[in-house]
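So the chains spell out like this:
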Amino acid sequence: MSSTTAAPPARRKKINRIGLEFQDYRGLKTTLCAGCGHNSISERIIEAFFEMGVDPSQVIKLSGIGCSSKSPAYFLQLSHAFNAVHGRMPSVTTGAMLANRSLKALGVTGDGDTVSIGMGQFAHLMRRNLPMIYLIEDNGCYGLTKGQFSATADVGSTLKNGTVNELAPVDTCALAIQLGASFVARSFSGDKKQLLSIVKAAIAHNGTSMIDVISPCVTFNDHRGSTKSYSYVREHRSNLQTVDFVPFFDEIHLDGETEPGSVREVTLHDGSTLLLKRIDTDHDPSDRRRALQLLLDEASGEGRVLTGVFYLDNEKKNFLEMLGLVDQPLVHLGQEQVRPPESVLAEIMEELS
Amino acid sequence: MSSTTAAPPARRKKINRIGLEFQDYRGLKTTLCAGCGHNSISERIIEAFFEMGVDPSQVIKLSGIGCSSKSPAYFLQLSHAFNAVHGRMPSVTTGAMLANRSLKALGVTGDGDTVSIGMGQFAHLMRRNLPMIYLIEDNGCYGLTKGQFSATADVGSTLKNGTVNELAPVDTCALAIQLGASFVARSFSGDKKQLLSIVKAAIAHNGTSMIDVISPCVTFNDHRGSTKSYSYVREHRSNLQTVDFVPFFDEIHLDGETEPGSVREVTLHDGSTLLLKRIDTDHDPSDRRRALQLLLDEASGEGRVLTGVFYLDNEKKNFLEMLGLVDQPLVHLGQEQVRPPESVLAEIMEELS
Amino acid sequence: MSSVETALVGEAAPEADEPVVNDFSIQVATVNGSGSQTANLVLLRSLFQMGIPVSGKNLFPSNIAGLPTWYTIRTNKKGYIGRKKEIDFLVAMNPETAREDTLDLPPRAAVVYDLPLKLDAVRTDLHFYQIPFDELVKPVCPDAKLRRLVRNIIYDGVLAWLLGIELEEIRKALFKQFPTKPKAAELNWAAVRVGYEFAKESLVKADPYRVERMNATQGKIIIEGNTSAALGALFAGVTVVTWYPITPSSSLAETLTDYCHRYRMDPETGKATFAIVQAEDEIASIGMAVGAGWAGARAMTATAGPGISLMSEFIGLGYFAEIPVVIFDVQRMGPSTGLPTRTSQGDLLNCATLSHGDTKHPLLIPSSPEECFQMGMQAFDLAEQLQTPVFVMLDLDLGMNYWMSDPFEYPEGPLKRGKVLTAEDLDRLRAFHRYQDIDGDGICHRTLPGTEHRLAAYFTRGTGHNQNAQYSERPSDWVRNIDRLARKFETARAMMPRPVVDVNEKAAVGLIGCGTSHYAIQESRQQLFEEHKLNTSYARVKAYPFNSEIADFIDRHDRVYVVDQNRDAQLRELIRREIPARLGPKVLSMRYYGGLPIDARTVTDDVVHQEGL
Amino acid sequence: MSSVETALVGEAAPEADEPVVNDFSIQVATVNGSGSQTANLVLLRSLFQMGIPVSGKNLFPSNIAGLPTWYTIRTNKKGYIGRKKEIDFLVAMNPETAREDTLDLPPRAAVVYDLPLKLDAVRTDLHFYQIPFDELVKPVCPDAKLRRLVRNIIYDGVLAWLLGIELEEIRKALFKQFPTKPKAAELNWAAVRVGYEFAKESLVKADPYRVERMNATQGKIIIEGNTSAALGALFAGVTVVTWYPITPSSSLAETLTDYCHRYRMDPETGKATFAIVQAEDEIASIGMAVGAGWAGARAMTATAGPGISLMSEFIGLGYFAEIPVVIFDVQRMGPSTGLPTRTSQGDLLNCATLSHGDTKHPLLIPSSPEECFQMGMQAFDLAEQLQTPVFVMLDLDLGMNYWMSDPFEYPEGPLKRGKVLTAEDLDRLRAFHRYQDIDGDGICHRTLPGTEHRLAAYFTRGTGHNQNAQYSERPSDWVRNIDRLARKFETARAMMPRPVVDVNEKAAVGLIGCGTSHYAIQESRQQLFEEHKLNTSYARVKAYPFNSEIADFIDRHDRVYVVDQNRDAQLRELIRREIPARLGPKVLSMRYYGGLPIDARTVTDDVVHQEGL
Ligand SMILES: Cc1ncc(C[n+]2csc(CCOP(=O)(O)OP(=O)(O)O)c2C)c(N)n1
Ligand SMILES: Cc1ncc(C[n+]2csc(CCOP(=O)(O)OP(=O)(O)O)c2C)c(N)n1
Ligand code: SF4
Ligand code: SF4
Ligand SMILES: [Mg+2]
Ligand SMILES: [Mg+2]
């Protein structure tokens, strides 16, 4: 495999806190188009898991079908992966986590995979707040089937052949917040720093981390007239905050020129800290009402692409906690724990006699 | 059939503006449980269509699977009906309306049929704003399969066997508004007047009218501990407005004691008027932002059940308008209109030679 | 219709017939939601407690309350407990159907009816017993609201006197029904006694039907197939159950849930050693089960036909990505929504090759509660050993009706978890090829997510892959892989439970059936012999794929009738696919698909007709 | 592997061989997304314009850009246009596969390659032509960014000289490719000429392959199956098209969309006389189509295997509620996601009995663009006449590759809309029973929503119903209804297109096939005769259910090989189900399922082997 992965020699030696090389977090060489936003996202995922020192053997990568859903092959080669069927990654991930709650689940999907065919499972996953990272590589189209509109395409956006989309886009972040996800953010594949911080925060979070990442499709949706092109997003993006992340195993240093009160320090489930530096107005990410407000305004506004951390609830029970499962992963239970003794069968038979 | 329908003798003679009897709008005798909320809704539907003088031969009744979805058999016996498969009524209705845009579509569904298995189609139907009435008979459970929780069950609500629901309910109204429905209201099967007015308004509206009607299941979800029981809803319900409806063919009379400014008169697509009389605070139903706000607050509030007309957009293009279909229903087009002439085939063959 | 004519022909009142002991059928006609369920179960149980072979079948509508329901109880000293076509004893409580039910009776049958129904006016060739239920219930039950529910059990008392059922057994059965509600039990008990006393005082026994104590149910239990299958899963150590409600499978998942809460909470922490999730639909429930099976859990779902159709895509993934998962399909009458509360064997063909492309899936087909239990366990072993979805094909009759059964035997030996490599194994092997057929049986080794080893990870996918689970479009990789899957299916063949074969040396005719057809076939064989001197052999299929014994069975007979409870002869179809073509002409078909449990007479008449006897 | 050895064995440079005219295969190996598609189509067209029978097959990866792609063009003077296994002439442009592609060639093949690849070092038994593409493209195309796209067409010029393709025809084909972009056309044309000039100056023709003008394509067209099927739908007067993108069916819906926009806008209003909706998934697309069919539209959807699985529940509803709808299944290699860009006939069995319960569906199986067109139209007639879902089973090879074809004939006569009652009819009849079989053909009359008549309305449902479409759980109603559905299927049998049968009186062996297997079988028959003196008859199935001709065909031969492009002999399975069992033993199987279009040699070798020749 190593032959097919190309790591910059510089990094080769770098070792993370659990003693693994950067190399260990890579995957196969991408077969996606050169310049595809999805490739940048893969890079951020590799960096985030490496720098956080997550043990890849305890990570599962899951996806549906699409160019985006192929990308798990291109990162975290030491983790088990499940490339499932179109739009159904949420249920497969749910099952895997029920079976083994100690795993760290990373689901990668596309806007078609999630918002079109996957809408039902997406909604119910958000509602359950299953502990996982749910990352949408959002290019407003179906890349793998050659660029048809998806349900996140904006009104007025055009296909290469000129067809204009008239249906309003579905806002995955607004939906996720309304339905119960406990960490909701939007980013851009072209913003390395913001995306890296957000992915790290998602790793640190306990509950569903729904991240919608605008990720341009250079082959089918990067033309003028598209509102998901690199140039369009670069021109119309506005950041809700500057997002910084400090892992639990590091010290927090605020750089000098941040004036007091301008930064919100949010402590995450694993002790890491999310630093949200105000840009225009201050946003309290625990304010669900306000978060929805922001997204609604954006939707009605003139094609502004708002990115940042919209919502975070540290306290919310996740689905596995609700189910009251034993701490030990169910798959590790021995026969004596899962098969009741003979006396139980006898008791039941007695009742039925 | 008449033998199985029992109309109160009093009404027999009553004739509506298109010369039909009340009787003509009835259906078979219900086979639902005595006292089931769904039966009251059927009665309101019968009254609304009769009083509005809708031609039943131009109405289609569609449903999924469930006790609620059975109810189309119990009203509008002169209308074509399609009892489809579980959770898929939206797509069947869409297809039927594409085929014949002149029909008036009434979809009746349940909370399980819509919010559980039907979530995906529900979301995309709302997004398309297909001209139809989408009525959810919402009892917070699966009646026909003996009372399991549905996704509209409230946190803390219990089953008869004591099981407590921990998952937050899905607010169908909030979702509908966010996804694009142009008329969104919630009512209660026990409130004849409000429900009747709202159903009539839905008939008058051009676009998706999403009506969530709390409709208690007397057999499985009417016990204490349930938040969808008659008593619970009666105690916790609060009305956003008093809702009155004046059809386009009648005069508007405001009763004396309404002080000026307290009533909003909303003109509907067919010229009918919706009279929304303020109760506590004034609500402008065209204010999408505010409508969502209200529903969000309600959700976070202490089990208040807010009913009334939340949102109405008269201007929004419906799906059929977006598609730019000929005015004539597609099913009425003659062969000469749908099969291109021989010259066209010749032209195409030439291109391919 | 014919019965109507019988009615019109005035007949003389019946003679006092020969007594008929422990060999008749009772039909109780009520409306659902009227609490008749209790009265009927008490009746069933008390006969059972008297040692008489008995079966009860609930014929209920697909609605919740207010529609006609029939409950038929059959006693048979010879132990035939399949449905009996003819009704000997009718209890008519439902005004809507009383007349028609009465008209359908054979001459000389007995009718217990509610006074206002005046059924004695309908026919003259029956034994009528008129009971003033409303009048009788008043004194017992002052609270008018409760009467509706208590009223029915009065007929238990009446039948006790008419049929000679021991009151004490009724009492026992009754209190077993209300373990936690003594007051309700007492109330009902009073009602039973009122019925008994009334009968004793005012009725004259004229019909021939009686029961007598036997010893044929010693130590047996009474149980539904769904409960039995749930117990199978419980003792198989199931850990993840994901489901979506649908008749007639819901009670399987719900009973399993109850048992898990009783017996699968960790003693120290009081936490659950299982996860049961009611999913948003069947696509989600099978998706979760597949995810759980992939991660190493013993995972299952339970559903019925419509759910099977929705699971089709995921089952194809499970087959191709080789993921263990168990699907209980409690078959109801299709196509489409069909008749949700009627039984059928209509999903056999669909499940055997569910999903697009070339797919084949093992089916286990239980005929009894015991087999529901055994196969319910075995399915998990097979799924994990074969790394593939395994179906357990119940039907509504087996799943939702009460059956006599021997008590279940506690399983021996360890759970069979299949070829799973641990970190230690990987250390030893120093290499891991997910899809390499090392053992030549088509079954490869897998690792579970979370295995702490650099070699453990692999990429699971529904797309073409090579032996290392890497994406591949090479024709040679593709062909090698699906040829191996075909080989694996042959391995499965040898692991499936063998058919139960009873060869009659004198027989030229053989019968083949599966599932609940068993009871009708068993009884029909006797009818064929007694009434037509036709010797028959019998092979009961317990699983698909079949092994050679079925071919051998067909080979040694001139004609073989395959009994199917579906229109398109689905079992025969599957058999035809797998036997040598030269045997094809011998394989004939007997089908019933009216939605009621198949009965012996129907089988007999059809075979007799085809045999030209 | 063996080819590798060939390579190692040093051989003498090849002699000048006998010229081979109009009978060889070219393979162009590039990476996808590199604009090679244009170069290949121009090549194909120019040969076609020279009157030479030709076919082109695109072997592309399931990804968008950067992976290996092979395009094979076959010329054959006898008109055999199935895939040819051996490559005679390789154009090697892709560094990733060049070496392997070269090693796989038979001795004496020719190789045109890009200079840096140095392929002449790989083998000595081939004819090599080295081309400095980068150097050649520079002068033609100053703009470096564009070079990647222009570069490829240079090989058209090279081949023109090497094979004797007339430059003028290349020019014609080229400008046909860029009808609207003359500048692009000129640029490419310059590149072609550069390649031609270079070849002329610096190459020495050594290989035997040449083309010569013929007259075999006079008046023919070149078209893909998906386009043909789309035209079928267009001229069938389709009004509602609901679909969800999936390879290889997307282009069917997309081409239909383009044609509708060109030819189905109302001249006065400029509005659409059709509705085409890209649904949110396949369950929605079939649901919409079913709703539209119910309301009276000519409704269709197009999909592939995974979509078929998802549509399973709705198809069962369509069958049972008797709703006309047409499903185009462009088959790709399954199970599961499988190989999305490889061809197969793997959905036959699944589609024939799709959904739970007893279901049967008519299938139309085209073999050529003409049949895609005809059957694409006929499917709508059948669906409305039979009031049931009808499948048109294409495959990727037929659907997405370019084929020669005679021009399509304009359909005669009116659209067949089936038994629909109007308000006037109802006035006349004074009664309407939706599910009464008045004509005895199993097909009942329906009314459309919106019919202005008190008798018109009825209740459509997937649950049990009587002749008046009222809910019913009566066994007799149920049985009557699904027996009628079975009867309707027999009616369908007689309406299906008959097989194309070619009986060779001397033949003891017969071949049966369907769809794209046709081309391999045709050619194989000649090989079998020429190489083994084996006479064969041939029956090409065009639809399911089959009619008696198939049984007759089997009956008159000793052995019949059913050719399947799937693992589980699905076509043979369907045939076995429907013929008299006694014929079963004669029905043997020949299967290929590597995902490439089946070729004659593979069929021949297999039959020869089974025949022991
Ligand atoms: C059931 C099913 N339907 C359709 C397809 C075809 N298909 C493959 S990918 C895709 C859409 C992918 O879009 P998206 O999720 O946005 O991923 P992208 O390629 O844009 O990254 C579709 C429709 C499929 N594989 N399975
Ligand atoms: C595909 C499928 N899954 C499951 C079922 C079983 N089922 C019938 S009704 C129903 C739920 C109905 O709940 P709801 O829509 O709320 O209707 P209600 O009975 O409460 O009015 C279910 C799960 C089915 N018929 N089809
Ligand atoms: S097609 Fe678009 S989404 Fe797919 S890999 Fe290429 S750029 Fe990315
Ligand atoms: S079960 Fe509940 S929902 Fe169904 S009919 Fe009865 S009361 Fe209504
Ligand atoms: Mg996308
Ligand atoms: Mg409900």
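Residues numbered from 1 in each chain as written. Chains lettered and ligands numbered in written order. Predicted model: local features only at pLDDT ≥ 70, side-chain atom pairs only at ≥ 80, totals over all residues. Heavy atoms only, no water.

Trainee: Break down the site of ligand 2 for me, with residues and values.
Mentor: The full set close to ligand 2 counts 23 residues, and S68, D111, G112 and D113 of chain B together with E282 of chain C are the nearest of them. Chains contributing residues near ligand 2 are chains B, C and D. One nitrogen or oxygen atom from the main chain of G112 of chain B is found 2.8 Å from an oxygen atom belonging to ligand 2. In this structure, L144 of chain B approaches ligand 2 through a main-chain N or O atom, which is 3.0 Å from an oxygen atom. If you list the elements that add at least two residues to the shell around ligand 2, you get α3 (67-70), α5 (111-116) and β5 (141-142) of chain B together with α12 (305-321) of chain C. Ranked by residue count, the leading element in the shell around ligand 2 is α5 of chain B, at three residues. (Near = heavy atom within 4 Å. Polar contact = N/O pair within 3.5 Å; in protein donor to acceptor, adjacent residues only side chain to side chain. Helix = DSSP H or I, 4+ residues; strand = E, 2+ residues; numbered from the N terminus.)

Trainee: Which residues make up the interface of chain C and chain A, and what values do they have?
Mentor: Taken residue by residue, the interface counts 73 residues in chain C and 59 residues in chain A. When chain C packs against chain A, the two sides together hide about 5,100 Å² of surface, and 65% of this comes from carbon and sulfur. Counting across the chain C and chain A interface gives five salt bridges. Note that R262 of chain C and E351 of chain A form a salt bridge whose closest N and O atoms lie 2.6 Å from each other. On the surface where chain C and chain A come into contact, there are 24 residue pairs in polar contact (both at pLDDT 80 or more). Element by element, the count of residues in the side of chain C that touches chain A is highest for helix α11 (residues 282-295) of chain C, at nine residues. (Contact = heavy atoms within 4.5 Å. Buried area = accessible area lost by both parts, 1.4 Å probe. Salt bridge = Lys/Arg side-chain N within 4 Å of Asp/Glu carboxyl O.)

Trainee: Please set out the coordination of the magnesium ion (ligand 6) residue by residue, giving values where relevant.
Mentor: Residues and elements named next belong to chain B. Around the magnesium ion (ligand 6), the donor atoms from the protein are D111 (OD), N139 (OD1) and C141 (O), and they sit 2.1 to 2.2 Å away. We note that the donor set of the magnesium ion (ligand 6) lies within a single chain, spaced as D-x27-N-x1-C. The exposure class of N139 is buried, given its relative accessible area of 4%. Residue classification places C141 among the buried positions, given a relative accessible area of 3%. (Donors = N, O, S within 2.8 Å, 3.2 Å for Na, K, Ca; no water. Buried < 20%, exposed > 50% of the residue type's maximum accessible area, 1.4 Å probe, protein only.)

Trainee: Please give an account of the sheet that holds strand β21 (residues 536-541) of chain D that cites residues and values.
Mentor: All names here are of chain D. Taken in spatial order, the five strands make up an open sheet running β19-β21-β20-β23-β24, and their pairing is mixed. Each having just a single partner strand, β19 (500-502) and β24 (587-591) make up the two edges of the open sheet. For this sheet the average axis-to-axis angle between neighbouring strands, irrespective of direction, equals 20 degrees. Examined bridge by bridge, strand β23 (residues 559-564) and β24 share five bridges and lie parallel to one another. When the sheet's bridge partners are listed, V560 is paired in β24 with V587. (Pairing = 2+ DSSP bridges. Axes fitted to C-alpha atoms, helices over the stretch in contact; angles between N-to-C directions.)

Trainee: Describe the relation of the copies chain A and chain B, listing the residues and the values that go with them.
Mentor: When chain A is fitted to chain B, the residual RMSD is 0.0 Å, and the transformation amounts to a turn of 180 degrees plus an axial shift of 0.0 Å. Both copies are brought into coincidence by an operation consistent with a two-fold rotation axis. The C-alpha atom lying nearest the rotation axis in chain A is that of G120 of chain A; the distance is 2.2 Å. Interface residue correspondence from chain A to chain B reaches 100%, placing this contact among same-surface, isologous pairings. (Least-squares fit on C-alpha atoms with pLDDT ≥ 70 in both.)

Trainee: Which residues make up the coordination of the magnesium ion (ligand 5), and what values do they have?
Mentor: All names here are of chain A. Taken together, D111 (OD), N139 (OD1) and C141 (O) make up the protein donors of the magnesium ion (ligand 5), found 2.1 to 2.2 Å from the metal. Each donor residue of the magnesium ion (ligand 5) lies on one chain, and together they are spaced D-x27-N-x1-C. Taken together, the residues D111 in helix α5 (residues 111-116) and C141 in strand β5 (residues 141-142) connect sequence positions 30 residues apart. Each of the two residues, D111 as well as C141, counts as buried.

Trainee: Got a sec to walk through the sheet that holds strand β12 (residues 273-278) of chain A? Specific residues and values, please.
Mentor: Strand pairing in a sheet relies on backbone hydrogen bonds. The paired strands run either parallel or antiparallel. Residues and elements named next belong to chain A. One open sheet holds the three strands; their spatial order is β10-β12-β11, and the pairing between them is antiparallel. Of all the strands in the sheet, just β10 (241-246) and β11 (263-267) have a single pairing partner and so form its edges. Pairs of neighbouring strands in the sheet enclose a mean axial angle of 20 degrees, with direction left out of account. Relative to β12, β11 runs antiparallel, the two sharing five bridges. Bridge pairing links E265 to L275 in β12. Each of β10 and β12 is contacted by helix α8 (residues 192-204), which is oriented at about 50 degrees to β10, the strand it contacts most.

Trainee: Give me the side chain of D125 of chain C: which residues, what numbers.
Mentor: Structurally, the position occupied by D125 of chain C is in the loop between β6 (110-114) and β7 (127-131). Within polar-contact distance, the side chain of D125 of chain C engages the side chain of R123 of chain C at 2.8 Å.

Trainee: Describe the interface of chain A and chain B, and please don't skip the residues or the numbers.
Mentor: Across the contact, 28 residues belong to chain A and 28 residues belong to chain B. Surface buried jointly by chain A and chain B totals about 2,500 Å² across both partners, of which 57% is contributed by carbon and sulfur atoms. At the junction of chain A with chain B, the criterion picks out four salt bridges. The partner of E166 of chain A in a salt bridge is K317 of chain B, with the nearest N and O atoms 3.3 Å apart. Linking chain A with chain B are 14 residue pairs in polar contact (both at pLDDT 80 or more), by the criterion used here. If you list the elements that add at least two residues to the side of chain A that touches chain B, you get α5, α6 (119-128), α7 (172-179), α10 (288-300) and α11 (319-322) of chain A. The class makeup of the residues in the side of chain A that touches chain B is 15 nonpolar, six polar and seven charged. (Nonpolar A, V, L, I, M, F, W, Y, C, P; charged D, E, K, R; others polar.)

Trainee: Tell me about the confidence of the model for chain A, residues and numbers included.
Mentor: When pLDDT is averaged across chain A, the result is 94; 95% of the residues are at 70 or more. Note that residues 1-7 of chain A has pLDDT below 50 and, in this model, 13 contacts with residues that lie over four places away or in other chains. (pLDDT = per-residue confidence, 0-100.)

Trainee: Break down the pattern of salt bridges for me, citing the residues and quoting the values.
Mentor: Counted by the stated rule, this structure contains 111 salt bridges over all chains. Measuring nitrogen to oxygen at the nearest pair gives 2.9 Å for the salt bridge that ties K220 of chain D to D406 of chain D. Of the two residues, K220 of chain D sits in the loop between β8 (209-210) and β9 (221-224) while D406 of chain D sits in the loop between β17 (402-405) and α16 (423-429), which places them 186 residues apart along the sequence. The class of D406 of chain D is partly exposed, set by a relative accessible area of 35%. Put simply, D171, R186, D212 and E298 of chain A are held in one network by salt bridges that share partners.

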